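So you can see what is in the structure, the chains are spelled out below.
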Amino acid sequence: MPELPEVETVCRALSKVIKNSRIKKIEFYRKDLRWQVKDNLEVSLKNNIFIDSYRRGKYILIPTNTDKIFLIHLGMSGQIRIKKKDIVQKHDHMRLIVENNNKHFIITYNDSRRFGYIDLFKKKELREHFLLSKIGVEPLGRELTIEYLQNNFKKRVINIKNALIDQKIIAGIGNIYASEILYKAKINPLRKVNSLSQNDLNSIITYTKIILKKSIDVGGTTIRDHMQPDGSLGYFKQKLQVYGKTNEKCKTCNSFIVKEVISNRSTFICRHCQI
DNA sequence: AGTGTCGCCTGAATGC
DNA sequence: TGCATTCAGGCGACAC
């Protein structure tokens, strides 16, 4: 799945059932995910209490009462199911049984492509964690400013599309939302970052925040894999303006939306509006 | 150090 | 219908 709004949706749903819950049981069915999951993870986690869940970029982080952090990354196809009764399905790789106020919940990690990852590490290792140490600012936080982007972009020759999906610069934007943001900001994805004006950067920041927030409000974008943990769909797909809209008309100028492959990734553009 | 390409893996859609 | 090819919300390992 999963760009920031989808991960945020999953994270909020998890929070509702895991906050102050006790971990009764952990089972792995496969540990060969993007990387091999640690051998003793189950042992270290059993009987711990989850404090809450929060999101950093596209990572879900769940601190425990023993000063550890449980990490879930969904990769391209990862899903979380939360149910009271459940049966193990194809591509389920892990499940947790947690108890919260005498109620039991089954939390299942399903990931057909196994590009995702699950980890457990000490809280004090958070800053140096190999997946988290280099990631950039939160797009919905205060650190995403024109000055921040100017500092990152000067002396660089990459295009703005690649910059937006580079997790080391901004954490959470992926291929769908990069197209949507640049369309609304009326900026061509191939523009070099060091050529962007203050106005351009301001538009990018403004629409990044608007689009991501709107999508979170409706449960993210369901195109193929993403589902909310209770099985319901995300409805931002209906609000997409350009992604996947090849040969449909731009709502502003009526010219056709085209698909262009940039660095091996599909990018959708209105060539008339985005200059 | 910064930049571009490749490939990890499975399944759905598309093409012949 | 059947089989091959292409493509997919990510991202680290490489080569240059």
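In this report, the structure presented in the accompanying data block is examined. (Residues numbered from 1 in each chain as written. Chains lettered and ligands numbered in written order. Predicted model: local features only at pLDDT ≥ 70, side-chain atom pairs only at ≥ 80, totals over all residues. Heavy atoms only, no water.)

### A word on the sheet that holds strand β5 (residues 68-73)
Stage number 1. The four strands lie next to each other as β3-β4-β5-β9, forming an open sheet whose pairing is antiparallel. This sheet does not close on itself; its edge strands, each paired only once, are β3 (54-56) and β9 (117-122). Strand-to-strand, the axes of this sheet are offset by a mean angle of 30°, without reference to chain direction.
Stage number 2. Judged from the three bridges that link them, β3 and strand β4 (residues 59-63) form a sheet pairing that is antiparallel. Each bridged residue has a counterpart across the sheet, and for Y54 the counterpart in β4 is L61. (Pairing = 2+ DSSP bridges. Helix = DSSP H or I, 4+ residues; strand = E, 2+ residues; numbered from the N terminus. Axes fitted to C-alpha atoms, helices over the stretch in contact; angles between N-to-C directions.)

### Considerations on the protein's contact with DNA strand B
Stage number 1. What surrounds DNA strand B is the set R34, K90, H91, S112, R113, R114, F115, R156, V157 and I158.
Stage number 2. Across the atoms of DNA strand B situated within 4 Å of the protein, the share located in sugar and phosphate is 65%.
Stage number 3. One of the side-chain nitrogen or oxygen atoms of K90 is found 3.0 Å away from a phosphate oxygen of DNA strand B.
Stage number 4. Contacts to DNA strand B include V157, whose backbone N or O atom sits 2.7 Å from a phosphate oxygen.
Stage number 5. A breakdown of the residues in the surface near DNA strand B according to their chemical character gives three nonpolar, two polar and five charged. (Near = heavy atom within 4 Å. Polar contact = N/O pair within 3.5 Å; in protein donor to acceptor, adjacent residues only side chain to side chain. Nonpolar A, V, L, I, M, F, W, Y, C, P; charged D, E, K, R; others polar.)

### Quick word on the packing of aromatic side chains
Stage number 1. Overall, the coordinates contain six aromatic pairs when judged by the stated rule.
Stage number 2. The interplanar angle of 75° and the centroid separation of 6.3 Å between the aromatic rings of Y117 and F130 together place this pair among those described as edge-to-face. Of this pair, Y117 sits in strand β9 while F130 sits in the loop between β9 and α3 (146-153), and the two are 13 residues apart along the sequence.
Stage number 3. For F130, a relative accessible area of 49% corresponds to the partly exposed category.
Stage number 4. Ring geometry for Y177 and F236: centres 5.8 Å apart, planes at 35°, overall tilted. Note that Y177 is positioned in helix α5 (residues 175-184) and F236 in the loop between α6 (198-217) and β10 (258-262), a separation of 59 residues in sequence.
Stage number 5. With relative accessibility at 3%, the residue F236 sits in the buried group.
Stage number 6. A connected cluster of aromatic rings, assembled from ring pairs, spans W35, Y117 and F130. (Phe/Tyr/Trp six-rings, centres within 6.5 Å; stacked < 30°, edge-to-face > 60°. Buried < 20%, exposed > 50% of the residue type's maximum accessible area, 1.4 Å probe, protein only.)

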